[in-house]
Amino acid sequence: MASLTVHDLVVRYGARRAVDGLSFEAPEGAVTALIGPNGAGKTSTVEACVGLRRPTSGTIEVLGTKVPGPDRAMSQLHAHVGVMLQDGGLYATARPLAMLTHVARLYPAPRDPAELLMAMGIDPDTRTPLRRMSGGEQRRVAAAAALVGRPRLVFLDEPTTGLDAVARRTFHDLIRRYVDEGLSVVLTTHLMDDVERLADTVVVVAAGRAIRVGTVADLTGDEDSVRFTAPMHLDTSDLTAALPPGSTVEEAPPGRYHVTGNLDPLALSTVTAWCGQHGVATKDIHLGKASLEDVVVDLVGDM
Amino acid sequence: MTTSPSGRTLDQARWETGLLLRNGEQLLLTIAIPLGILLVLGVTDVLPVDSGGATGSDRIASALGVVMAVTVISSGFTSLAIATAFERRSGALRFLGTTPLTRGELLGGKLLATLSVTAISVVITTVTALLLGWRPTAGAGWSIVALALGVAAWVPWGLALGGSLRAEAVLAIANGVFLVILMFGGVVIPASSLPGPLDILVAYLPSGALVDGLSSALLLGQPDGVAMVILLAWTTAGTLVATRVFRWS
């Protein structure tokens, strides 16, 4: 069952379509990651889903409630939904525990604010106001504010931006624990580490549309390939001929070459030899499965 | 934990009141400046006071009316507009828009917080006036009605300003309006001392009507019906404007 269903969503800013017919579902008790380039429409989608932005057209259903809706219906829905905005969202002059305690009081069955802050690596007894905390610390408090209401569904918009590696791992572990307890998560991020460690489903968004949906494994595939970057539009017919039968060489997007098929241990040396013979300066050559970042760059670059 | 609309409104009011009382600039506007004006107007004759030529207790009563009006305008308009604008800029209001708190509950919380801070300031200035020799007349309680109507008239305009423009612009405009209203809105300089037709015009401003209502209660011990109607009209107009222009971010 889906905790969130978005169908044919359009969000326009004047003449520009930030979201242009986006459709996807976020399953219950799982992490759904929306990934894609800047300006793809991810944040506009999140804002529409939580009632901060009115869609131009399309339908959104959050935990069985149509969004947007009347104030009273949205209030009842928000009792079960947490939101971490892409930036800000905190009272600058307040201390973390004071703000979190106030936010907790707005929900029917909140988590303990002090425990949550400790889990996020923030000292609940700190007297430092939020405006004097580092960017990473503020993001952790914002994440805690999104989770303190014990939501069934939480939207996390670039939650780990500005977090150090340790804090990111702590955050991943905490989210994974809550997901194991039944929490549904819609995550937007540019950090593939977040996606690979957290996401059960990945929605690749570009130009306001979903261009690919699947698990990380679905997207990356399990087929080995040789991938390298070189000048655009090279004639690779004799490289194909030099490779074992069944191998193919594709250029997508321009300047990025993928050699797939029946790759034997000599494939990599065949490619480098071909490059040497043709005076082609290569960068980033490697043999193995494509990373998620490779896949996203290829998908977005193809558009 | 809170699940009822009234409970959330009270929680928000408590939170907003705490923020106001911890903010030094807000305290300066809502408590220190009104107290300073009371001392200047009540004890010295640096500025004219519209007390019908009376002296002593009446002079302090008239000054107290002015000070209460200053308190209402500073807390209900200037402080509220500036605080709201900076909360918008920090994204705090956008975040609250994703919690169970509704827009009506947020605005109700801000109104109650403003009333609370105004009440604290009024208590401080009233005690100071008593210490300076003011003796309230029977019927001075009407001033509480005038104060409540004054807050209701100014708060929507504070929210309309703070909820529509950039924080820096709100800071400049709210302080500018505060100073202009103080000097030429029938507050510090009495309407009767202003050149015509300003003296007639200011009676229809929320500042002039508020001072008239407070003066009538404190000096004569009776309500000023016209002033109350004018304040109610500003409340209605302000509410209509605020609901149209207020933005969460």
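Please read these numbers as outputs of a predicted model, since none were measured by experiment. Residue numbers run consecutively from 1 along every chain, following the written order of its sequence. Chains and ligands are labelled sequentially in the order written, the chains with letters from A and the ligands with numbers from 1. Where totals are concerned, whole chains, interfaces and linings use all residues; where local detail is concerned, this predicted model gives features only for residues with pLDDT of at least 70, and gives and counts side-chain atom pairs only at 80 or more. With hydrogens and water excluded, all non-hydrogen atoms of the structure serve as input to the side-chain values.

(A) Spatial organisation of the overall build of chain B. The numbering of helices and of strands both runs from the N terminus, where a helix is a DSSP run of H or I of at least 4 residues and a strand a run of E of at least 2. In terms of regular secondary structure, chain B is built from 10 helices and 0 strands. Secondary structure of chain B in N-to-C order comes out as α-α-α-α-α-α-α-α-α-α. Radius of gyration here is computed from C-alpha atoms only, and the compact-globule reference equals 2.2 Å multiplied by the residue count raised to the power 0.38. Against the 2.2 N^0.38 benchmark of 18 Å for 249 residues, chain B shows a C-alpha radius of gyration of 18 Å, consistent with a compact globule. With the C-alpha coordinates aligned to their principal axes, the bounding extent of chain B is approximately 55 × 40 × 30 Å. In chain B, buried positions account for 55% of the 249 residues. In what follows, residue pairs with any heavy atoms lying within 4.5 Å of each other are defined as contacts. For chain B, contacts bridging at least 24 residues in sequence account for 79% of all contacts bridging at least 6. Each residue is assigned to one of three classes by its accessible area relative to the maximum for its type, calculated with a 1.4 Å probe on protein chains only: buried under 20%, partly exposed between the two thresholds, exposed over 50%.

(B) Quick peek at the sheet that holds strand β11 (residues 225–229) of chain A. Residues and elements named next belong to chain A. Think of it this way: DSSP has to see at least two bridges between two strands before they count as a pair. An order of β12-β13-β11-β14 is seen for the 4 strands of this open sheet, with the pairing classed as antiparallel. Looking at the sheet topology across the chains shown, the edges are occupied by β12 (248–251) and β14 (283–288). Across the sheet, the axes of successive neighbouring strands diverge by a mean angle of 15°, strand direction being ignored. Two elements, β11 and strand β13 (residues 256–260), share 4 bridges in a ladder whose sense is antiparallel. Each residue of the ladder has a partner; that of Thr-229, found in β13, is Arg-256. Packing of helix α11 (residues 292–301) onto the sheet brings it into contact with β11, β13 and β14, and relative to β13 it is tilted by some 115°. Only the stretch in contact is used when a helix axis is fitted, and all axes are lines through C-alpha atoms; the angle between N-to-C directions ranges over 0 to 180 degrees.

(C) Quick peek at unusual backbone geometry. Residues and elements named next belong to chain A. Residues Val-67 and Pro-68 are joined by a peptide bond in cis, for which omega reads 0°. With respect to the secondary-structure elements, Pro-68 resides in the loop between β5 (65–67) and α2 (71–78). With a phi angle near 50°, Glu-158 is a residue other than glycine that sits in the positive phi range. For Glu-158, the position within the fold is in the loop between β7 (153–157) and α6 (165–180). For His-233, which is not a glycine, the phi torsion comes out positive at approximately 60°.

(D) Main features of the packing of aromatic side chains. Stacked, edge-to-face and tilted are the three classes for Phe, Tyr and Trp ring pairs, Trp counted by its six-membered ring, which pair at centre distances within 6.5 Å; planes under 30 degrees apart are stacked, over 60 edge-to-face, the rest tilted. One pass over the full model with this rule turns up 4 aromatic pairs over all chains. A centroid spacing of 5.3 Å and a plane angle of 15° characterise the contact between Phe-228 of chain A and Tyr-257 of chain A, whose relative ring orientation is stacked. Placement of Phe-228 of chain A in strand β11 and of Tyr-257 of chain A in strand β13 is noted, with a sequence separation of 29 residues between them. A single burial state applies to Phe-228 of chain A and to Tyr-257 of chain A, both of which are buried. Plain terms: the ring middles of Phe-77 of chain B and Trp-154 of chain B are 5.4 Å apart, the flat faces sit at 65° to each other, and that makes the pair edge-to-face. Linking Phe-77 of chain B in helix α3 (residues 57–90) with Trp-154 of chain B in helix α6 (residues 142–162), this pair joins segments that are 77 residues apart in sequence.

(E) Quick look at the pattern of salt bridges. All names here are of chain A. A pairing counts as a salt bridge when a side-chain nitrogen of Lys or Arg comes within 4 Å of a carboxyl oxygen of Asp or Glu. All told, the structure shown has 18 salt bridges over all chains when counted by the stated rule. A salt bridge links Arg-197 to Asp-173; the nearest nitrogen and oxygen atoms lie 3.4 Å apart. Residue Arg-197 is located in helix α7 (residues 192–198), and its partner Asp-173 is located in helix α6; the two are separated by 24 residues in the primary sequence. Note on Arg-197: relative accessible area 33%, which makes it partly exposed. In this structure, Arg-176 and Asp-200 form a salt bridge, with 3.4 Å as the shortest nitrogen-oxygen distance.

(F) View of the domain arrangement of chain A. Residues and elements named next belong to chain A. Assigned domains within chain A: domain 1 (2–219) and domain 2 (221–301). Residue ranges labeled as domains rest on an automatic or database domain assignment. Between the C-alpha centres of domain 1 and domain 2 the distance comes to 37 Å. At the junction of the two partners, domain 1 supplies 13 residues and domain 2 supplies 7 residues. When two parts are brought into contact, each loses some accessible area as probed by a 1.4 Å sphere; the total of that loss over both is the buried area. Roughly 850 Å² is buried in total at the junction of domain 1 and domain 2, and carbon and sulfur atoms are behind 77% of that figure. Our count for the contact surface shared by domain 1 and domain 2 stands at 0 salt bridges. Those elements giving two or more residues to the side of domain 1 that touches domain 2 turn out to be α7, β9 (201–206), β10 (209–214) and α8 (216–220). Ranked by residue count, the leading element in the side of domain 1 that touches domain 2 is α8, at 4 residues. Residue classes in the side of domain 1 that touches domain 2 are distributed as 10 nonpolar, no polar and 3 charged. Each residue gets one of three labels, nonpolar for Ala, Val, Leu, Ile, Met, Phe, Trp, Tyr, Cys and Pro, charged for Asp, Glu, Lys and Arg, and polar for the others, Gly among them.

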